[in-house]
Amino acid sequence: MDAATELKSFVGGSLTLASKLLLVAITLYDLAVKSFVGGVEMKRMDLVSGYKGVVGLVFGNENSTSSEDSYVERLLDRISNGVLADDRRSAMTELQAVVAESKAGQLAFGAMGFPVIMGVLKEERDDVEMVRGALETLVSALTPLDHVKGPKNEIQPALMNTDLLSRESESISLLLSLLSEDDFYVRYYTLQILTALLTNSPNRLQEAILTIPRGITRLMDMLMDREVIRNEALLLLTYLTREAEEIQKIVVFEGAFEKIFSIIIEEGGSEGGVVVQDCLELLNNLLRSNASNQILLRETMGFDSLISILKLRGSAYSFTQQKTINLLSVLETFNLLIMGGSEADPGRDANKLTNMTVLIQKKVLDHLLTLGVESQWAPVAVRCAALRCIGDLIASHPKNLDAISSKVLGEEPQVEPALNSILRIILRTSSVQEFIAADHIFKSFCEKNSDGQTMLASTLIPQPLSMNHAPLEEDVNMSFGSMLLRGLTLGESDGDLEACCRAASVLSHILKDNMHCKERVVRIELEAPMPSLGVAEPLLHRMVRYLALASSMKNKDGKSGTAGYVQLVILKLLVTWLADCPTAVHCFLDSRPHLTYLLELVSNTSVTVCTRGLAAVLLGECVLYNKSSDSGKDAFTVVDSLSQKIGLTSYFLKFDEMQKSFLFASVKPTQSHKPLTRSTAASMAEIEDVDENDLSDQKNEDHPILSSMLDAHFVSLIKRLEADIRENIVEVYSRPKSEVAVVPAELEQKSGEGDKEYIKRLKAFVEKQCSEIQKLIGRNATLAEDLAKTGGSGSIQAEHRTSGASERVQAETLRRDLQEASQRLEMLKAENTKIESESSMYQNLAAKMESDLKSLSDAYNTLEQANFHLEKEVKALKSGGSSVCPDVEAIKAEAREEAQKESEVELNDLLVCLGQEQSKVERLSARLLELGEDVDKLLEGVGDDMGLPEDDEEEED
Amino acid sequence: MSYAYLFKYIIIGDTGVGKSCLLLQFTDKRFQPVHDLTIGVEFGARMITIDNKPIKLQIWDTAGQESFRSITRSYYRGAAGALLVYDITRRETFNHLASWLEDARQHANANMTIMLIGNKCDLAHRRAVSTEEGEQFAKEHGLIFMEASAKTAQNVEEAFIKTAATIYKKIQDGVFDVSNESYGIKVGYGGIPGPSGGRDGASSQAGGCCS
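Since the model is a prediction, treat every value here as computed from it, not as a measurement. (Residues numbered from 1 in each chain as written. Chains lettered and ligands numbered in written order. Predicted model: local features only at pLDDT ≥ 70, side-chain atom pairs only at ≥ 80, totals over all residues. Heavy atoms only, no water.)

### Digging into the overall build of chain B
What counts here: Secondary structure follows DSSP: runs of H or I at least 4 residues long count as helices, runs of E at least 2 residues long count as strands, and numbering of each begins at the N terminus. Any residue under 20% of the maximum accessible area for its type is buried, any over 50% is exposed, and the rest in between are partly exposed; the area is computed with a 1.4 Å probe on protein chains only. In this description, contact between two residues means that some pair of their heavy atoms is separated by no more than 4.5 Å. Per-residue and other accessible areas were derived by the Shrake-Rupley procedure at a 1.4 Å probe size, with only the shown protein chains allowed to occlude residues.
On a plain count of helices and strands, chain B comes out with 7 helices and 7 strands. Reading chain B from its N terminus to its C terminus gives the helix and strand order β-α-β-β-α-β-α-α-β-α-β-α-β-α. Here chain B holds 211 residues, and 54% of them are scored as buried. Taking as baseline every contact in chain B between residues at least 6 positions apart, the subset at least 24 positions apart corresponds to 72%. When the accessible surface of chain B is split by element, carbon and sulfur atoms take 50% of a total near 8,900 Å².

Dropping the structure here:
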């Protein structure tokens, strides 16, 4: 009886084993496919060898590839079937060791061990040592073994094991229940296991934990446990809350905020260690894109605890890497609050505004300014993050804009407006990153803030030259405008345009969309560098001069590093300035060489596509916003020289080229912020000063300044301008303004006019007309040339020469369209070939996958066969042992035969008996007859009532 | 931000009975005739006064749909009060009360105060559940009962405040161990603003010395 049950359970066990193995094989396949799809060329060998070892187990040992398999199997058997407690424990210890040591051990454990270990965890809670051992074994089975570096694409048994374990939500709830155990190690190992599971299968675990009643509560309780457990729980919760809104809310419901802040305070705030970093990472996970949790923090605890982390206490001058990361993390928290909820949340904007208001009320600006502006000892990364945070905090928030513009820094009497200090950073910092971050503040400050712009612009008053030559340090007493002007012209003496470029960026923010400021700044005139050598020069002209200077600088030293973006920044300033501003256009065209230079720049092939494009936009603005009627600087003249020097087609082409360029194409509406995690934190803290020299070696297009400068606003301005410019130029071109209005009255001799004067006047008139005709002929010739240059058959040319200007323009437009279309065609063709090659690649891929699948299904079939065999065996075993089986039939047949024989013999005997009885009866009847008895009557009674035996008895009687 | 006590509430009941509207009326004094279906759980907060003591209410409004039940159940245990809402114009929402109650009894702490609310009482002409039936159900199951309207704001304040008053009385009677936050009750910091320095141990002490 006992043996039979054992046998049954063994067979049952191996059946589940078979299904487990199948699961392993499938998991392996999953993983393989994952790495395959990920673009990594998967070595099929790994897949095959991976499950061969596993499959080998099913067939017994003849196919097994590792000795670990059988070793692990033996140990598991000892654990599940052992009788002596000590033996089972030592088996567990050995198992833990082999699993911790080798991948083969991990693989073998994954194939067979989980049911046994889970059984121990479920049934043997009282045996703390066993439970500990089981948990430690699980930890080892789930921990990747890195010390032995295998081939890159080799399957990680640890990953496979986490996948296997996390598939069953029952095991998750079992693990969670272990958190309530008294034993420290039990809780500790359990947390480690859960963290490992979360690292590899976050979604599955998040879902499982959500469905387990009080699951999250249990985890939260761990935060109040002893330190080691608490720290482990922090990490676990960080993984658990990543991008899982519902879990984030439950965690907060369970009082996460209070707990987090109390741990942060306990650990020393920003001065604390990695635990503080973990706390902040968890906090950020809870607040990221989660308006509900942000409201709860604001309404319940307030932001004070958060702000106090920013305060620099004690060792304000020393910044360890950990402190830097902690500060960066808390700055990210502010960022998340300023961003409000998720994009899809309808209440996002309201929440965002309230957060911004409350933060400013809580004086967070002071702390940010301390950190970003006044802490020279703080690492650049922290200063930059603080500056960016200031910018975000004030953007489009009227009260906060007021707050920053009225803020003063420093101590009496050496105080200055905060904005001046920030401008100084822009002009002087050696870090490009810091410049960009500080520039972001002015960008945000000027956005939809015309009062603020006007306030800044009102201080732009040129100082006497002597002031400009004052030492840099004396700018503390300067006004904002003076500092900015000095920055703009600083390059005058040494030809270094870096400061000028940065100041130009700030100025463009001040002028953006603000007519009043644009006109005001147009009127600013600067003293000539050497008063003896010339007259005062408008600021605008100075900027154009620096634009030209920047390109000549480049030509001189041959490198395009700074020159490229200096030109672009100045061009951006001019484009912003001239937009919608006829006064500025007038001022720009006041100097004849400006137009010439601009025309050259547009067709200059040695500058970048963007430089040419922006120059073209600027040129277009000279047409679009040109209200001048002076000959020589009116819109018509500009268009005319444009068509002569560049040609309309190639001019318009500059726009297209720019639009297609990398910089424009890559502009995103909002910069996505990468969350700070343990793995990324260190690198984020070390952005330090980006070396200028490194940057100059890079391609111009990658320069960080450019991506910050060509923001979404500016790009949309360019796009709007471009459309208007195209339309406007075509219009101007098609309706040539005649300089000589044909006034018939002029031909008449005026009364009181002498003949001589009349002739003179007529002559002048004719001369005027003559020159006009000359001009028109010249223009016509250029047009024809242009037409010829841009292609088109001779006949069309001839036809066009006679037709009107509007038609010519039309033809031009058509040709341009054609060109664009053919370009597009080329692009499509290229794309097509690409897609074709891709499709063939995918076909190959699919074929490979199929073959993989086939080998898998083969494996499955073999498994099934094995299963079938086993089942058959079971049947055999059930019927009483394999050897007996065939004999049964034989015995049965034998028995049947024997029985048959026996019954036949008996029958014969009976028949003989019967015969004897019959003869006896006959004899007796004869005798009775002799005696005179009625024999027939007598016999009748016998047959009916008693039958033969009675007869016999009678006879015996 | 200072409060004597903080109570955690949950609002439960069938989908569409007006849970979110009750919360919005209570926190923002607004009524939104068309409200999006609540996904998961939404949060709201308000300060009220009971017995001259400032009391902070943290309210979690749950999704009524069956598919969110496993999520919303996570909020039962840590809540001090629950508003169980049905719609007086939809009989089935009343009929489901028993199962909601069973859920609450199973997952919440035993001392949770439950307020039964028959919402939409402004729609008297479409009434499908009588006031008496509501009263009867509440009486049978030991709940507080009120009919309210999130639209007209009738009884909305009262419902939230009466629940708080009941919890407050339970605290005075010593039913709760207020140092254990798992009952959904937290002792505040009296008049001292800002919770930054507070730890749990210290806070229960500070609760007594209001300034």
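### Points about the overall build of chain A
What chain A contains, in helices and strands, is 49 helices and 4 strands. Buried positions account for 48% of the 957 residues belonging to chain A. A separation of at least 24 residues holds for 73% of the contacts in chain A among residues at least 6 apart in sequence. Counting every atom, chain A has about 47,100 Å² of accessible surface; 54% of that belongs to carbon and sulfur.

### Some details on the packing of helix α37 (residues 648-660) of chain A against helix α42 (residues 712-734) of chain A
Axis angle and axis distance: for two packed helices, these are the angle between their axes and the distance between the axes, and together they describe the pair. All names here are of chain A. Keep this limit in mind: To get an axis, a line is fitted to the C-alpha atoms, and for a helix only the part in contact is used. The angle between two axes follows their N-to-C directions and goes from 0 to 180 degrees. Convention used here: angles under 35 degrees read as roughly parallel, angles over 145 as roughly antiparallel, angles from 65 to 115 as roughly perpendicular, and any remaining angle as oblique. Residue polarity follows a fixed list, in which Ala, Val, Leu, Ile, Met, Phe, Trp, Tyr, Cys and Pro are nonpolar, Asp, Glu, Lys and Arg are charged, and the others, Gly among them, are polar.
Packing of α37 against α42 leaves a shortest axis separation of 11 Å and a crossing angle of 170 degrees. With respect to their mutual orientation, α37 and α42 come out roughly antiparallel. Touching Leu648, Tyr651, Phe652, Phe655, Asp656, Met658 and Gln659 of α37 are Ile718, Lys719, Glu722, Ile725, Arg726, Ile729 and Tyr733, all from α42. Class assignment for the residues of the contact of α37 with α42 results in 9 nonpolar, 1 polar and 4 charged.

### Describing a nonpolar patch on the surface
Filter applied, for reference: Patches in this entry comprise residues that are over 30% relatively accessible and not in a salt bridge; like charges within 9 Å are linked, as are nonpolar side chains (Val, Leu, Ile, Met, Phe, Trp, Tyr) within 5 Å. A pair is scored as a salt bridge if a Lys or Arg side-chain nitrogen falls within 4 Å of a carboxyl oxygen belonging to Asp or Glu.
Side chains of Leu907, Leu910, Leu911 and Leu914 of chain A sit close together on the surface and give an oily, nonpolar patch of about 400 Å² of accessible area. Within the element layout of this structure, leucine 910 of chain A appears in helix α47 (residues 885-931).

### As for the interface of chain B and chain A
For an interface, size is often stated in terms of accessible area lost upon the parts coming together. Worth spelling out the cut-off: N or O atoms within 3.5 Å of each other form a polar contact, as long as, within protein, one can give a hydrogen and the other can take it, and as long as residues adjacent in sequence are counted only when both atoms are side-chain atoms.
At the interface, 27 residues of chain B touch 26 residues of chain A. Taken together, the connections running from chain B to chain A amount to 2 salt bridges. The closest approach of N and O atoms between glutamate 42 of chain B and lysine 249 of chain A, which form a salt bridge, is 3.7 Å. Linking chain B to chain A there are 6 residue pairs in polar contact (both at pLDDT 80 or more). Here the element with the most residues in the side of chain B that touches chain A is strand β2 (residues 41-50) of chain B; it accounts for 4 residues. For the side of chain B that touches chain A, the per-class residue count stands at 12 nonpolar, 8 polar and 7 charged.

### Quick look at helix α6 (residues 156-172) of chain B
What counts here: To estimate the expected span of a helix, subtract one from its residue number and multiply by 1.5 Å.
For α6 of chain B, which comprises 17 residues, the first-to-last C-alpha distance of 25 Å matches the rise-based estimate of 24 Å (1.5 Å per residue) to within 8%. Immediately beyond the C-terminal end of α6 of chain B, within one or two residues, lies glycine 174 of chain B, with a positive phi of roughly 80 degrees.

### Observations concerning the pairing of strand β5 (residues 113-119) of chain B
All names here are of chain B. Rules: Two strands qualify as a pair provided DSSP detects at least 2 bridges between them. Look down the strands so they point away from you; if going from the first strand over the helix to the second traces a clockwise path, that crossover is right-handed.
Counting buried positions over the 7 residues of β5 gives 7, a clear majority of the element. Sheet topology note: the strand β4 (residues 81-87)/β5 ladder contains 7 bridges and is parallel. For tyrosine 86, the partnering residue across the bridge sits in β5 and is glycine 118. At this point the chain moves from β5, through helix α5 (residues 131-141), to the parallel strand β6 (residues 144-147), and the crossover so formed is right-handed.

### Structural notes on the pattern of salt bridges
Enumeration according to the criterion identifies 49 salt bridges over all chains in this entry. A salt bridge links aspartate 225 of chain A to arginine 187 of chain A; the shortest N-O distance between them is 2.8 Å. Here arginine 187 of chain A lies in helix α9 (residues 184-200) and aspartate 225 of chain A lies in the loop between α11 (215-221) and α12 (227-241), a separation of 38 residues in the sequence. The class for arginine 187 of chain A is buried, based on a relative accessible area of 10%. Salt bridges here are not isolated pairs; linked through shared partners, they connect Glu66, Arg69, Arg73 and Asp103 of chain B.

### A word on the environment of asparagine 400 of chain A
Residues and elements named next belong to chain A. By the element assignment, asparagine 400 lies in helix α22 (residues 398-405). For the pair asparagine 400 and phenylalanine 445, spaced 45 residues apart in the sequence, the C-alpha separation amounts to 9.4 Å. Setting aside its immediate chain neighbours within four residues, asparagine 400 contacts Met356, Thr357, Ile360, Leu393 and Ile394.

### Some points on the nonpolar core
Definition in use: Put simply, buried Ala, Val, Leu, Ile, Met, Phe, Trp, Tyr and Cys residues joined by side-chain atoms within 4.5 Å make one nonpolar core.
In this structure, Leu95, Leu121, Trp577 and Tyr651 of chain A are the most contacted members of the largest nonpolar core, which totals 268 residues. Setting aside chain neighbours within four positions, we find leucine 95 of chain A in contact with Val72, Leu75, Leu76, Ile79, Phe109, Ile117 and Thr137 of chain A. If you look at the next biggest cluster of nonpolar residues, it comprises 34 residues, including Ile11, Leu22, Val85 and Val156 of chain B.

### Here we look at the UniProt feature "coiled-coil region" (unreviewed entry) in chain A
Filter applied, for reference: UniProt positions are given in the numbering used here, feature names are shortened, and annotations may be inferred rather than shown by experiment.
The feature "coiled-coil region" (unreviewed entry), as annotated in UniProt, sits at residues 811-873 of chain A in this numbering. Summarising residues 811-873 of chain A: 100% helix, 0% strand, and an end-to-end C-alpha distance of 89 Å.

### Describing the packing of aromatic side chains
Selection rule: Side-chain rings of Phe, Tyr and Trp, where Trp is taken by its six-membered ring, are said to pair if the distance between their centres is within 6.5 Å; with planes under 30 degrees apart they count as stacked, over 60 as edge-to-face, and otherwise as tilted. Think of it as a cone above the ring: NZ of Lys or CZ of Arg counts as a charge over the ring if it is within 6 Å of the ring centre and within 35 degrees of the ring normal.
Using the criterion set out here, one finds 20 aromatic pairs over all chains in the structure. Ring centres 6.1 Å apart and planes at 45 degrees place the aromatic pair tyrosine 188 of chain A and tyrosine 189 of chain A in the tilted group. Between the aromatic rings of phenylalanine 442 of chain A and phenylalanine 480 of chain A, the centroid separation amounts to 5.5 Å while the plane-to-plane angle is 40 degrees, which identifies the pairing as tilted. A residue pair is termed long-range when its members are at least 10 positions apart, and phenylalanine 442 of chain A in helix α24 (residues 432-446) and phenylalanine 480 of chain A in helix α27 (residues 480-489) qualify at 38 residues. For phenylalanine 442 of chain A, a relative accessible area of 0% translates into the label buried. Counting every residue linked through ring pairs, the aromatic cluster contains Phe184, Tyr185, Tyr188 and Tyr189 of chain A. Just above the ring of phenylalanine 184 of chain A sits the side chain of arginine 226 of chain A; from NZ or CZ to the centre is 4.0 Å. Cation over ring: lysine 8 of chain B sits above phenylalanine 253 of chain A, and NZ or CZ is 4.8 Å from the ring centre.

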